[in-house]
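Breakdown of the fold
This is what each chain is made of:
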Amino acid sequence: MSIVSVVVPVKDGERYLEELLEALAREGVDETLVIDSGSRDRSREIARSAGVELLEIDPHEFAHGRTRNLGAERTSGELICFLTQDATPCPGWLAAYRDVFALEERVGAAYGPHLPRTDTSPMIARELTEFFAGFQARGADGELLRGPVVQRSGDPSFLSNVNACYLRACWEEIRFRDVAYSEDQAFGADMLAAGWAKVYQPAAAVLHAHDYPPGEFMRRYFDEYRGLRESTGHVEPFGALDTARYVRRALAADRRWMIEQGIGGAERTRWLARAAGHHAGRRAFSALGSRSQRLPARLQRELSLEGRAAGRGASNGGAPPPRGSGEREQVTGSPAPGAGSPVPAARPIERKLSGEVYDVAARVWSSGPAPLLEPVPGMAERERLRLAMVIPPFSRGSGGHNTLFQIFTRLEQRGHACSVWLADCYGYARAVWPAVLRREIQEFFAQFQGPVYKGFAGWQGADVAIATGWQTVHAMLELDQCRARAYIVNDHEPEFYPASTEHALAADTYRYGLHCIAASPWLRDLLIERYDASAEAFQLGVDHETYRPRPVARQPATVIYYARYATPRRAVPIGLMALAELKRRRPDVRVVLFGTGEVLDASFPYEHIDVLSPVQLSWLYSEATVGLCLSLTNFSLMPKEMLACGLPCVELAGVSAESIFGSDGPLELAPLDPGRIADALEHLLEDHGKWESRSREGVEFVASHTWEHATDEVEAGLRHALGERSLAAGLR
């Protein structure tokens, strides 16, 4: 029989925790782990008294996906159940979960219903009951069947960690995303996309219902639907007439429910009045949460039960504020305005940061870079170098970080002593342990084995210190005990920003005499010509084991578009106009937008796919007819990966692609004009001979573009930086 572990994240959960742990003991689970993130009540005492394992973490280290991954790592069961602190298993819960994993080999997760407690508000009790009944199968007579329901790709991706059970093998393959909310919903979508099945098991029930005061309910809905958009791309529809109809239907259902439950008279009237406000507010706050990225950061925090701001609305002049910093306000030392002055009294603001966000740049401007160690003869030719790479904060899907770790991992495999140092001026990773950062690097990018440090308190020196983005350069220039410095440049980053501090600081990084190793000939030439920098180029590699034609039929007339709207250099408005024109000419064309969790507004129907894994991308590229990927700055890796899968691709002419592929290479190039881009897509869709030649030429062209070759070029650039130091000292 499978060993079952249960993980319960807790914060101030004493109200139901003792009842929950007693239920788990009754059910006979093998292992229970309580993860407490700063409770101020009796939660920890209750866990210890129950004899379960207690893991205490700092409140700032808690995150829904990250903490549950930690819990799974700290337990040993073949089945891992997750409960919230207020979800009490009903009798038969564990046996019901054990049963579902015997239904099919590829069942990776299961979830059960949340039953309302006796004191739950009627409208919440009805919604819960009807929501979970919607997952149950029905007989020929329409009656609900009590058996488990297997859900596969194409079925609802809903999953709830209030009450869920996972096969460890499935969790190890998928893992929870490190997202602020809805990590379970994201897991459900990810596992179905990866070919796993999940099961709704009505017999695995828990007692659970959130019943907040009306204001807290609305703020919770804001958080919930913001999380759904961030993790699954769902955007809740909203309109005045539609909302009025929704509220009327919901109230009618509430009234029927209360009649069935024997609630009548003044009590029913009172509940219906509260229900009207609840349903209308839910609709409004759900829609606001879905569109939170359009709201100012301060308003997001006021609407959020968590007090969190995120998305485009949280930005400040293009640069995200430090995590937890709040709004920075200017303090004046002037006396208060006199009587009758229209100027309001100034409020004193306490210090909130240990220093200004970009004070490291100011120090370099004032004092200059730290002096380098004296060069020694032959240091550029040493077989084993000490290499320290300084990186900015990262997240899953970062193409620049993927490039860095594909190369740095291979440098490590060649015997170089490699270390990674996170420069985090915004404080994004303030609450993240270095060991977690290292694990995420391995999970998101490559199997780097060396040490990972957060900040520079433990700086140890290096033969070559390597900056990797504009946010890292000034911090790297302050590091001493280095023989040389170099700068791996993935893009011309000043173009990421309008006129701003960030634009000026990014441009400033090219003016310190660092030897630049640029990710294309176009970028190398720009650095030399505009900044008089020392620069050479390397070619981005392709993982040919992953990106290759897959054994799947091409879908007819299917255009896939990397529509990452949050990245302005992707020119998404132009891309959408081009696709709208193509759909006008060819209504039969199937358009698929991918690579972002944001569902975009468009004037034509399309299909949406979220962020995919490399393997999933290779299958998507192998199924499509034509790819579209636009770059207003340096050429990205994605078109090469499309070509490696035999997928012809349209890119922008006159920017950087010609420096790699030539003006008439395997890429189809078009100017930044919607009609001309539509022309290029249409030609590839209609001219089969041209499609065949582009597909064949693309595979042949990128065959030599490997990460091993890219590593050769970057290693040569690092040795060049050391060699220049020796030459300057007259040592060779």
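About the thresholds
Residues numbered from 1 in each chain as written. Predicted model: local features only at pLDDT ≥ 70, side-chain atom pairs only at ≥ 80, totals over all residues. Heavy atoms only, no water. Salt bridge = Lys/Arg side-chain N within 4 Å of Asp/Glu carboxyl O. Helix = DSSP H or I, 4+ residues; strand = E, 2+ residues; numbered from the N terminus. Buried < 20%, exposed > 50% of the residue type's maximum accessible area, 1.4 Å probe, protein only. Contact = heavy atoms within 4.5 Å. Pairing = 2+ DSSP bridges. Right-handed = clockwise from strand over helix to strand, strands pointing away. Axes fitted to C-alpha atoms, helices over the stretch in contact; angles between N-to-C directions. 1 Å grid on protein atoms, 1.4 Å probe; cavity = no way out; pocket = protein on both sides within 12 Å on 5 of 7 lines; lining within 4 Å. Points joined across faces, edges and corners; volume = space filled by probe spheres on them. Nonpolar A, V, L, I, M, F, W, Y, C, P; charged D, E, K, R; others polar.

Details of the pattern of salt bridges
- For the structure shown, the criterion picks out 41 salt bridges.
- Residue arginine 363 is joined to aspartate 359 by a salt bridge in which the shortest nitrogen-to-oxygen separation is 3.6 Å. Of this pair, arginine 363 and aspartate 359 both sit in helix α12 (residues 359-367), four residues apart, roughly one helical turn.
- Judged by relative accessible area, which is 28%, aspartate 359 ranks as partly exposed.
- Among the charged side chains, a network of salt bridges with common partners joins Arg410, Arg414, Glu708, Asp712, Glu715 and Arg719.

Let's talk about the environment of phenylalanine 445
- Position of phenylalanine 445 relative to the elements: it lies in the loop between α14 (434-444) and β14 (452-454).
- When the C-alpha positions of phenylalanine 445 and arginine 226 are compared, they lie 27 Å apart, and in sequence the two are 219 residues distant.
- Ignoring any residue separated from it by four or fewer positions in sequence, one finds phenylalanine 445 in contact with Phe394, Ser395, Ser398, His401, Asn402, Phe405, Gln406 and Glu440.

Overview of the pairing of strand β1 (residues 4-10)
- Burial runs high along β1: seven of the seven residues are buried.
- The alternating pattern of β1 places Val4, Val6, Val8 and Val10 on one face and Ser5, Val7 and Pro9 on the opposite face, and all of these are buried.
- Relative to strand β4 (residues 79-83), β1 is paired through four bridges, and the arrangement is parallel. Residue pairing in the sheet places valine 4 in a bridge with leucine 79 of β4.
- In this structure, β1 lies alongside strand β2 (residues 31-36), joined through six bridges in parallel fashion. The residue bridging valine 6 from the neighbouring strand is threonine 32, located in β2.
- Assessed by its sense of winding, the connection that carries the chain from β1 through helix α1 (residues 14-27) to β2 is right-handed.

Considerations on the sheet that holds β4
- With mixed pairing, eight strands are arranged side by side in an open sheet as β3-β2-β1-β4-β9-β6-β10-β8. Bordering the open sheet on either side are β3 (53-56) and β8 (149-151), each of which pairs with just one other strand. For this sheet, the mean inter-axis angle between neighbouring strands, taken without regard to orientation, is 20°.
- Here β8 pairs with strand β10 (residues 197-200) via three bridges, running antiparallel.

A look at the sheet that holds strand β20 (residues 590-594)
- What the six strands build is an open sheet, ordered β21-β20-β19-β22-β23-β24; its pairing is parallel. Two strands in the sheet have a free side with no partner beyond their single neighbour: β21 (607-609) and β24 (668-670). Sheet twist, expressed as the mean angle between neighbouring strand axes with direction ignored, is 25°.
- As paired strands, strand β19 (residues 558-562) and strand β22 (residues 626-628) are joined by three bridges and run parallel to one another. The residue bridging isoleucine 560 from the neighbouring strand is glycine 627, located in β22.
- Contacting β19, β20 and β21, helix α19 (residues 614-623) crosses the sheet at an angle of about 160° to β20.

Notes on empty space enclosed by the protein
- Tallied over the entire structure, the rule returns two cavities of 30 Å³ or more.
- By volume, the largest cavity is sized at about 100 Å³.
- Along its surface, the largest cavity is lined by Ile57, Glu61, Arg66, Thr67, Leu70, Ala431, Val432, Trp433, Val436 and Arg439.
- Elements supplying a minimum of two residues to the lining of the largest cavity: α3 (64-73) and α14.
- The element that contributes the greatest number of residues to the lining of the largest cavity is α3, accounting for three residues.
- Across the lining of the largest cavity, the residue classes tally to six nonpolar, one polar and three charged.
- One number sums up the size of the second largest cavity: a volume of about 70 Å³.
- Arg66, Asn69, Arg175, Phe176, Arg177, Asp178, Arg396, Arg439, Glu440, Glu443 and Phe444 are the residues that line the second largest cavity.
- Listing elements by their share of the lining of the second largest cavity, those giving two or more residues are α3 and α14.
- Counting residues per element, the lining of the second largest cavity draws most heavily on α14, at four residues.
- A per-class count over the lining of the second largest cavity returns two nonpolar, one polar and eight charged.

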